[in-house]
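Read off the chains here:
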Amino acid sequence: MKQREFTIHFTEYERLDELSEQQANLVKRAIDSAKHAYAPYSAYRVGAALLLGNGEIVTGNNQENAAYPSGLCAERVAIFYAGANYPEVPINMIAVTAIQNGDLQEEPVSPCGGCRQVMLEKENQGKTPMEVILYGTKRIQVLKQATDLLPLPFSLASKH
Ligand code: THU
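Given the structure is predicted, the values throughout are model-derived calculations rather than measurements.

(A) Local environment of the overall build of the protein. Secondary structure assignment for the protein yields three helices and seven strands. Along the chain direction, N to C, the helices and strands of the protein fall in the order β-α-β-β-α-β-β-α-β-β. By the compact-globule yardstick of 15 Å for 160 residues, the protein fits well, its C-alpha radius of gyration being 16 Å. For the protein, the spread of C-alpha atoms along the three principal axes comes to 50 × 40 × 35 Å. A burial count over the protein gives 40% of its 160 residues as buried. Excluding contacts between residues fewer than 6 apart, the proportion of contacts in the protein whose partners are at least 24 apart in sequence is 65%. Across the protein, the mean location of the 15 positive side-chain charges is 5 Å away from that of the 18 negative side-chain charges.

(B) Main features of the pairing of strand β6 (residues 131–135). For β6, the buried fraction is high: five of the five residues fall into the buried class. Here β6 shows a buried face lined by E131, I133 and Y135 and a second buried face lined by V132 and L134. Direction of pairing for strand β4 (residues 91–100) relative to β6: parallel, over a ladder of four bridges. Bridge pairing in β6 links I94 to V132. Relative to strand β7 (residues 140–143), β6 is paired through four bridges, and the arrangement is antiparallel.

(C) Main features of the nonpolar core. Counting residues in hydrophobic clusters, the biggest one holds 24 residues, and the most contacted among them are L50, L52, I79, I91, I94, M119 and V132. When contributions to this core are tallied by element, the ones reaching two or more residues are β2 (44–52), α2 (74–85), β4, α3 (113–126) and β6. Each residue touching I79, except ones within four places of it in the same chain, is listed here: L50, I91, I94, V118, M119 and K122. Residues I31, I133, I140 and V142 belong to the second largest nonpolar core, which totals 14 residues.

(D) Main features of the site of the ligand. Inspection of the region around the ligand gives S42, Y44, V46, N62, E64, C73, A74, E75, P111 and C112 as its neighbouring residues. Note that an oxygen atom of the ligand is positioned 2.9 Å from one of the backbone N or O atoms of A74. The side chain of E75 places a nitrogen or oxygen atom 2.7 Å from an oxygen atom of the ligand. Its free accessible area being 370 Å², the ligand has 74% of it covered by the protein chains. Put simply, the parts of the chain that give the shell around the ligand at least two residues each are β2 and α2. Grouping the amino acids of the shell around the ligand by side-chain chemistry returns six nonpolar, two polar and two charged.

(E) Looking closely at the state of the cysteines. Scanning the entire structure with this criterion turns up zero disulfides. No disulfide involves C112; its sulfur sits 3.8 Å from that of C115, the nearest cysteine. Assessed through its relative accessible area of 0%, C115 is described here as buried.

What counts as what
- Just so you know, the residues in each chain are numbered from 1, in the order the chain's sequence is written.
- Note on the predicted model: pLDDT of at least 70 is required for a residue's local features to be given, and 80 or more for side-chain atom pairs to be given and counted; whole-chain, interface and lining totals, by contrast, use all residues.
- By convention in this description, side-chain values take in all heavy atoms of the structure and omit both hydrogens and water.
- The helix count covers DSSP runs of H or I at least four residues long, the strand count covers runs of E at least two residues long, and both are numbered beginning at the N terminus.
- This radius of gyration counts C-alpha atoms alone. The globule rule is 2.2 Å times how many residues there are, raised to the power 0.38.
- Exposure categories follow from relative accessible area, calculated using a 1.4 Å probe and restricted to protein chains: below 20% of the type maximum is buried, above 50% is exposed, and the middle band is partly exposed.
- Contacts are assigned to residue pairs that have any heavy atoms within 4.5 Å of one another.
- His residues and chain termini do not enter the charge count, which takes Lys and Arg as positive and Asp and Glu as negative.
- Every charge is mapped to an atom, namely NZ of Lys, CZ of Arg, CG of Asp or CD of Glu.
- Strands pair, by our definition, only if DSSP identifies at least two bridges between them.
- By nonpolar core is meant a set of buried Ala, Val, Leu, Ile, Met, Phe, Trp, Tyr and Cys residues that side-chain atoms within 4.5 Å join together.
- One heavy atom suffices: a residue is near a molecule or strand as soon as one of its heavy atoms comes within 4 Å of it.
- Pairs of N or O atoms are called polar contacts if they sit within 3.5 Å, as long as, within protein, a hydrogen donor faces a hydrogen acceptor (for residues adjacent in sequence, only side-chain-to-side-chain pairs).
- In short, Shrake-Rupley with a 1.4 Å probe defines the accessible areas, and a residue's cover is counted only from the protein chains shown.
- Three categories are distinguished: nonpolar for Ala, Val, Leu, Ile, Met, Phe, Trp, Tyr, Cys and Pro, charged for Asp, Glu, Lys and Arg, and polar for the others, with Gly belonging to the last.
- Two cysteine sulfurs form a disulfide in these notes if their separation is within 2.5 Å.

Following this line, the structure appears as structure tokens:
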């Protein structure tokens with residue numbers, strides 16, 4: 001028997017102007033995207049922005065549906081768009097933001113489990129760390145790689 005543990009390292013900032021210009025710009029693009037979310041059921045608008053390896057920025061927001069499970073989170077809308085249109089290009093950075101009752105969320109927006117699984121597979125596919133910026137007006141958390149968000153992820157058993 002063995003006791004084992006995971007340690008997650010991340011950096012916390014208080015303000016947007018503490019981030020690099022590239023990071024701050026990505027957050028702003030995520031905020032813009034959140035404003036255009038289709039969230040009539042939850043009224044919780046999420047925006048995600050991706051910086052691709054070719055320098056392009058792809059954005060996405062949550063898209064809800066009257067058949068609730070048919071909707072999709074902002075992170076996956078953005079990542080699947082990138083996968084469909086730039087299949088060979090890695091994602092170097094992702095920023096996530098949310099707006100509720102017209103205000104930006106104070107605490108950092110932490111992606112749901114399903115999005116974490118998708119983020120880490122995309123990171124593995126791209127063979128490049130995907131920096132993750134979780135934005136809140138009170139604090140901003142930055143993780144060096146998406147894998148840090150999901151210990152013990154699901155993976156298909158390798159065939160023998
Ligand atoms: N949502 C996201 O877009 N990203 C997440 O990581 C968690 C939740 C969306 C789904 C739904 O449209 C709304 O937020 C409320 O759960």
